[in-house]
Amino acid sequence: MNAQILEYHLWANQLVLNHLKNLPGEICFQQVQSVFPTLYDTLYHMYQVDYVWLRALTGDSFEKIIEGVNQLKEENADRSMDQLEEDLLQLGKKYHEFIDGLENLNQTTVVNHPRFGTLTTTYFELLQHVVNHGTYHRGNITAVLRQLGHKGVPTDYVYYLYEKANFEADI
């Protein structure tokens, strides 16, 4: 089973990364007044949250997830955009593997959080949260780019649908 919403999320992230590659390299590390101090930090936060939710979706405990996040910080100490892009690509593949292994995205799962408690919800609703979180921060990235004198790239869902429709029409 595959989820188009995940495809959109991965598409939009890659679109932003490709756009950033066409801008001066230092822009990703330029300090700004925003939700995060740099574009890199925003993208890295998105990566971390996607990582956290995949681990939660697969049933890992909060303690194991925190251990994993701390390990990610150590592994990404050099703050390389190329490495971050590769990490996002690999994480996307892991999301695909997980989703493909599910019988139904609408089956329920339970997430236990030490602060927020127990949540019984569907895999789809948690996946929707991951995508929504990414959309929010891609908007932050566009706002920062405008502050720095550059255009953003449109990542609205409808653009994904048009691109997908045009691709399928060409087949």
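Throughout what follows, the structure given in this document is the object of discussion. In this text, all values refer to a predicted model and were calculated from it rather than measured experimentally.

Turning next to the pairing of strand β1 (residues 108–113). Where β1 lies against strand β2 (residues 117–122), 6 bridges are found, and the strand directions are antiparallel. Following the sheet pairing, Thr109 is matched in β2 by Thr121. Hairpin connection from β1 to β2: 3 residues lie between these consecutive antiparallel strands.

Next up on the list: the side chain of Arg55. On the secondary structure map, Arg55 appears in helix α2 (residues 39–57). According to the relative accessible area criterion, Arg55 is buried, its value standing at 18%.

This brings us to the packing of aromatic side chains. The final tally for this structure, using the stated rule, is 9 aromatic pairs. Look at Tyr8 and Trp11: their rings are 6.1 Å apart centre to centre, the planes differ by 35°, and that puts the pair in the tilted class. With Tyr8 and Trp11 both in helix α1 (residues 4–21) and 3 residues apart, this pair spans about one turn of that helix. Classification of Tyr8 as buried rests on a relative accessible area of 5%. Of the residues examined, Trp11 reaches a relative accessible area of 14% and is grouped as buried. A network of ring pairs unites the aromatic residues Tyr8, Trp11, Tyr157 and Tyr160 as a single cluster.

All right, on to the packing of α1 against helix α4 (residues 81–100) then. Interhelical geometry of α1 versus α4 gives an angle of 170° and a closest axis separation of 11 Å. One way to sum up the angle between α1 and α4 is to call them roughly antiparallel. In this structure, α1 uses Leu6, Glu7, Leu10, Gln14, Leu17, Asn18, Leu20 and Lys21 to contact α4, whose residues at the interface are Met81, Glu85, Leu88, Gly92, Tyr95, His96 and Ile99. Residue composition of the contact of α1 with α4, grouped by class: 8 nonpolar, 4 polar and 3 charged.

Considering all chains together, one arrives at 3 salt bridges under this definition. For the salt bridge of Glu85 with Lys21, the shortest nitrogen-to-oxygen distance reads 2.9 Å. One end of the pair, Glu85, is in helix α4; the other, Lys21, is in helix α1, with 64 residues separating them in the sequence. Given a relative accessible area of 14%, Glu85 falls into the buried group.

The rules behind the values
Residues numbered from 1 in each chain as written. Predicted model: local features only at pLDDT ≥ 70, side-chain atom pairs only at ≥ 80, totals over all residues. Heavy atoms only, no water. Pairing = 2+ DSSP bridges. Helix = DSSP H or I, 4+ residues; strand = E, 2+ residues; numbered from the N terminus. Buried < 20%, exposed > 50% of the residue type's maximum accessible area, 1.4 Å probe, protein only. Phe/Tyr/Trp six-rings, centres within 6.5 Å; stacked < 30°, edge-to-face > 60°. Axes fitted to C-alpha atoms, helices over the stretch in contact; angles between N-to-C directions. Parallel < 35°, antiparallel > 145°, perpendicular 65-115°, else oblique. Contact = heavy atoms within 4.5 Å. Nonpolar A, V, L, I, M, F, W, Y, C, P; charged D, E, K, R; others polar. Salt bridge = Lys/Arg side-chain N within 4 Å of Asp/Glu carboxyl O.

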